[in-house]
Amino acid sequence: MTMPLSIAPVPHDSTAAGLPDAATLALRAVHRAASELRRGTPVLLRGGDHALVLAAAESVGASGLAELAALAKGPAVLLLAPSRAAAVAPLPALRPVLGGPVPGAEEAPVALRLPPSLLDPALLRSLADPTADRLPEGTRAERLPVPPLAAAALALAKLARLLPAVIAAPHALLARDGLLSVEAADVLAYPAAAATALRKVAEAQVPLDGAPDSRIVAFRAADGGIEHLAILVGQPEALAAGGGAPLARIHSECFTGDLLGSLRCDCGPQLRGALLRMGEAGAGVLIYLAQEGRGIGLVNKLRAYALQDAGLDTLDANRALGWGADERNFLVAATMLEQLGIPRVRLLTNNPDKLAALAACGIGVEGREAHAFAPNGVNDHYLETKARRFGHLLA
């Protein structure tokens, strides 16, 4: 007998009246705006008395550029990270920043005025992507004052896992044009809001080689975006409930290393080695974050690999693409551990920043367990860079 479906409000996603609350609506708007940028559609970014109509340089086509031009109330500019702008606008104020120390803060965007000849989809992709076809000789762009909301515009492109390169133009707030609209403040708040909105959505026993008593728990944010996973070996929650600190590893997904066994990194050995140690200890938790390539995504990681093959190290390759040295959000891991009932851990890591980030998010880090693996002849320079420039403890 078929039973009628009953749809009940989701507690974390609804008000008492059954309608989405403001926080959920904000998450949805950012997620939708990022999706629009990915498909080459302009979006409207608002903040106070300012508004920009945006399109991603990587994905916009001729129709998207025509739509942006029709909606613009002033000349468009190209917004770039300084490290990328230095390569396409060789001005004294835009010296290349590669080879320097890891930046301690986000770098302010740069705005460039493009001649009409560069407002072409293929040329825009070349301006955004150092691995794309080279720009024509003599290409120059004039630096302009950075418009309001520029930082949020590049942040939205990053949330879409696109290169942080955006065509932006002023827009009249009262225009009725059907553009999807998003608040700049919601874009900047999205990483923390999505992390704290995570909820468990599925759990199953998955026996693993070396850790047969294992479960996988899936978490999803209120915007319905990508899922993060927790692999629990044994009963780490029970250990934590008794005042103990189980072994834990915060592991960012690596398609090439974890799944394919790539020799370019040490991710695969770290993943399997952590699970083996947890199996031997009888309990542990591995937080598997959907933050490939230190948060830049798989496509951008492949671009970074191409730049590494041309001579850059892993840090400078990320920055040449316009991304930061490390774009990961460890509040995601802290939220998952909290919901799993694991407030204290002994962290399997070589990265001091992970220790500090997890502690800053309220998780008690009661010790670091060294987790280094010998170089394999291919990843030697990669490991040396992690030690020298990221401060990883590999000795």
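What counts, and at which threshold
Sequence positions are assigned chain by chain, starting from 1 and proceeding in written order. Under the rules for a predicted model, residues below a pLDDT of 70 receive no local features and side-chain atom pairs below 80 are neither given nor counted, while totals for whole chains, interfaces and linings still include all residues. With hydrogens and water stripped out, all remaining heavy atoms of the structure feed into the side-chain values. Note on conventions: DSSP H or I runs of at least 4 residues are helices, E runs of at least 2 residues are strands, and numbering of each starts at the N terminus. Only protein chains enter the accessibility calculation, which uses a 1.4 Å probe. A residue is then buried if its area is under 20% of the maximum for its type, exposed if over 50%, and partly exposed in between. In this analysis, two residues are considered to be in contact whenever any of their non-hydrogen atoms come within 4.5 Å of each other. For the accessible areas, the method is Shrake-Rupley and the probe is 1.4 Å, while residue cover comes only from the protein chains on display. In this analysis, strands are considered paired if DSSP registers two or more bridges between them. The predictor attaches a confidence to each residue, and that confidence, scored 0 to 100, is pLDDT. Between N-to-C directions, angles span 0 to 180 degrees; the directions come from axes that are lines fitted to C-alpha atoms, helices contributing only their stretch in contact.

## Here's the deal with the overall build of the protein chain
In terms of helices and strands, the protein chain carries 15 helices and 14 strands. With 395 residues in all, the protein chain has 50% of them scored as buried. Taking contacts inside the protein chain between residues at least 6 apart in sequence as the whole, the part at least 24 apart equals 69%. Split by element, the accessible area of the protein chain, about 17900 Å² in all, is 58% carbon and sulfur.

## Quick word on the environment of Gly74
For Gly74, the location among the structural elements is in the loop between helix H2 (62-71) and strand S3 (77-80). On the basis of relative accessibility, which here comes to 28%, the residue Gly74 falls in the partly exposed class. Separated by 97 residues in the primary sequence, Gly74 and His171 place their C-alpha atoms 7.6 Å from one another. Once residues within four sequence positions are removed from consideration, Gly74 is found in contact with Ala169 and Pro170.

## Digging into the pairing of strand S1 (residues 43-47)
Within S1, 4 of the 5 residues are buried, which leaves the element mostly enclosed by the surrounding structure. Pairing of S1 with strand S2 (residues 50-56), which is carried by 5 bridges, proceeds in the antiparallel orientation. By the bridge assignment, Leu44 is partnered in S2 with Val53. Hairpin connection of S1 to S2: 2 residues between the antiparallel strands, including Gly48 at a positive phi of 60°. Bridging between S1 and strand S7 (residues 181-183) involves 3 bridges; their strand directions are parallel. Residue Leu44 lies in a different strand from S7, and its bridge partner there is Ser181.

## Details of the confidence of the model for the protein chain
When pLDDT is low, close inspection of the predicted coordinates is not appropriate. Overall, the prediction assigns the protein chain a mean pLDDT of 88, with 88% of residues at 70 or greater. In this model residues 1-15 is a low-confidence stretch, pLDDT under 50, and it forms 16 contacts with partners more than four residues away in sequence or in other chains. A low-confidence stretch, residues 91-105 (pLDDT under 50), is modelled with 28 contacts involving residues beyond four sequence positions or located in other chains.

## Remarks on the sheet that holds strand S9 (residues 214-220)
With mixed pairing, the 7 strands of this open sheet are ordered in space as S8-S9-S10-S12-S11-S13-S14. One side of each edge strand has no neighbouring strand; the edge strands of this open sheet are strand S8 (199-205) and strand S14 (364-369). Within the sheet, the average angular offset between the axes of one strand and its neighbour, ignoring direction, is 25°. Here strand S13 (residues 344-348) pairs with S14 via 4 bridges, running parallel. Note on S14: the bridge partner recorded for Arg344 is Gly364. Where helix H13 (residues 331-339) meets the sheet, it contacts S8, S9, strand S10 (228-234), strand S11 (247-252), strand S12 (283-289) and S13, and its direction lies at approximately 140° from that of S12.

## Some details on the pairing of S10
Summarising burial for S10: 6 of the 7 residues are buried, a large majority. Alignment of S10 against S12, held across 6 bridges, turns out to be antiparallel. Bridge pairing in S12 places Ala230 opposite Ile287.

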